[in-house]
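Structural characterization, general
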Amino acid sequence: MQQVIGGPALAAVPSILPDAYGAPGLPVFASLDEALAAHDSDDPLFVLYPQRIAAAAELFLNGFAGHTMFAVKVNPHPAVLRTLWAAGVRDFDVASAREIALIQDILPGAGMAFMHPVKPRRAIRAAYEAGVRAFAFDSAEELRKIIGETGGADDLTLYLRLAVPAGGGALMDLSGKFGASLEGAAELLRAARPMAAKLGLTFHVGSQCMDPDAYARAIAHARAAADGAGVAVDALDVGGGFPSRYPGMEPVDMGEYFAAIESAAAAHFPGCALMAEPGRALVAEGGSTCARIELRRGRDLFLNDGSYGSLYDAANFAWRYPARLIARDGRAECEEAGEYRFFGPTCDSADRMEGPFSLPADAGEGDWIEIGQLGAYGQTMATRFNGYYSDATVAVLDGARQGF
Ligand SMILES: Cc1ncc(COP(=O)(O)O)c(C=O)c1O
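As a convention, each chain's residues are numbered from 1 in the sequence order in which they are written. Local features are withheld for residues below a pLDDT of 70 in this predicted model, meaning they are given only at 70 or higher, and side-chain atom pairs are given and counted only at 80 or more; totals for whole chains, interfaces and linings count all residues.

**A short note on the overall build of the protein**
- In this text, helices come from DSSP runs of H or I with a minimum length of four residues, and strands from runs of E with a minimum of two, each type numbered from the N-terminal end. Within the protein one finds twelve helices and 19 strands.
- Neighbour density around each residue's C-beta defines its exposure: 20 or more other C-beta atoms within 10 Å make it buried, 12 or fewer make it exposed, and counts between make it partly exposed, where C-beta atoms are placed from the backbone. Here the protein, with 404 residues, has 51% of them falling under the buried criterion.

**Overview of unusual backbone geometry**
- The residue after G355, namely P356, is reached through a cis peptide bond having omega 0 degrees.
- Residues other than glycine seldom take positive phi values, yet A318 does so here, at roughly 50 degrees.
- Looking at the element boundaries, A318 is found in the loop between helix 12 (312-316) and strand 15 (323-326).
- Classification of A318 as exposed rests on a count of 10 C-beta atoms within 10 Å.
- You will see that Q373, though not glycine, has its phi angle at about 65 degrees, which is positive.
- With respect to the helices, strands and loops of the structure, Q373 is situated in the loop between strand 18 (368-371) and strand 19 (393-396).

**Observations regarding the pairing of strand 18**
- Residues W368 and E370 point to one face of strand 18 and I369 and I371 to the other, with burial holding for every one of them.
- Only strands joined by at least two bridges in the DSSP assignment are considered to pair. With four bridges connecting them, strand 13 (residues 287-297) and strand 18 associate as antiparallel partners. Directly across from C290, in strand 18, lies its bridge partner E370.
- Taken together, the four bridges between strand 15 and strand 18 define a ladder with antiparallel strand orientation. Each residue of the ladder has a partner; that of L325, found in strand 18, is I369.

**A closer look at the environment of R341**
- Its place among the elements puts R341 in strand 16 (residues 337-343).
- Taking the C-alpha atoms as reference points, R341 and S358, separated by 17 residues in sequence, lie 9.1 Å from one another.
- Remark: residues whose backbone-derived C-beta atoms lie within 7 Å of one another are considered to be in contact. Beyond its immediate chain neighbours, meaning those up to four positions away, R341 contacts R299, D300, R352, M353, E354, G355 and P356.

**Observations regarding the nonpolar core**
- Under the definition applied here, buried Ala, Val, Leu, Ile, Met, Phe, Trp, Tyr and Cys residues are grouped into a nonpolar core through C-beta atoms within 7 Å. The biggest cluster of nonpolar side chains holds 124 residues, and the ones touching the most others in it are V47, L84, F114, L160, L162 and Y215.
- With nine residues, helix 9 (residues 213-229) is the single largest residue contributor to this core.
- Domain extents, as shown, originate in an automatic or database domain assignment. Taken together, domain 1 (1-50 + 284-404) and domain 2 (51-283) each give at least three residues to this core, which thus spans both.
- Beyond its immediate stretch of four places on either side in the chain, L162 contacts G179, A180, A185, L201, F203, H221, A222 and A225.

**Here we look at the domain arrangement of the protein**
- Partitioning the protein into domains gives domain 1 (1-50 + 284-404) and domain 2 (51-283).
- On a C-alpha basis, the centres of domain 1 and domain 2 stand 29 Å from each other.

**Points about the pairing of strand 5 (residues 111-114)**
- Pairing of strand 4 (residues 91-94) with strand 5 involves four bridges; the strand directions are parallel. Following the sheet pairing, V94 is matched in strand 5 by F114.
- Between strand 4 and its parallel partner strand 5, the chain crosses via helix 5 (residues 97-106), and the hand of that crossover is right-handed.
- Sheet analysis places strand 5 next to strand 6 (residues 134-137), joined by two bridges and oriented parallel. Here is how to tell: hold the view so the strands point away, follow the path from the first strand over the helix to the second, and if it runs clockwise the crossover is right-handed.

In structure tokens:
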């Protein structure tokens, strides 16, 4: 995804920027240094980079052969949603009644698809009343709920969520909990066909998928499901899973993913509507957490953010985020590097992030650390455990990735 960061790609997007920070009360700064200078607080600072989000959206809108929906759960911040809208994203994959209400509030007129395979009945009703017509299911029980709560509507697009075989090259599996098996799919598709104005198939290859061919294999798997049922399929939604860049994880160019999907979809589902629900790839680069070092003990840094804040994946999946030091006193950068472990602010021993995170050897109390790539699955994961949380979010108009 080299092309979405900094440089020439950004030249294409500034025109959308005036609409991009409409979130009430979201301060905008020209640089991160300015934002930190204004942050007189003991809380971490969440930083959004709207230009990077807009550039990632443009990459998808221009390169993906189908329709791009944003998976709201990945970063539901109103400024993120507005930025994506301003960049041209018109449809959103929602997982709950609250996400539907949020989209209605922030972006009236946006399209929504309720792609969570297990939904409360009240949420299905609320979704239908809100104009949602696309719903996912992976069981006969859920199909009955959707049909019942929408009053047997004749304008539904029903997506059967399939589990995809393991080993698809993704860092986080997303078929362990949801998704019909190939054997179970035939009956579900036959049951849904007469109820659906449009019948679709969907899957999630797993998040941070490092292998473009995983999509081609999943599309072939979906074809086998449709053939097994002997029913016509109208739509194919290839889900999320598109990768971003992290230390030690450099995916191939996004164009290879788009090409693999386009050719597999043309071969197996000619004439079908094609959709994707990227989350991470649209917003990871567009957000950071700035955490402050409260104490240093050897190579252990105790921060004001951690696994109960925006660093959930760093703690629970040993996810290695890029980190850079912003010295408290503006001292010259120390040339020598050190490898660090992070600890969060709560009393829980699990509030630790092994990393290792690479930072200058002289990191110490009072220094700030910008932890990058946290526009996805960052701020949205934060709790209020132990009274440590932050309401401080700013936008920084500095599109180029700095110092990671
Ligand atoms: C149904 C669905 N679609 C899309 C996504 C976004 O996935 P990613 O961030 O890997 O693109 C998720 C993530 O959990 C999901 O559950």
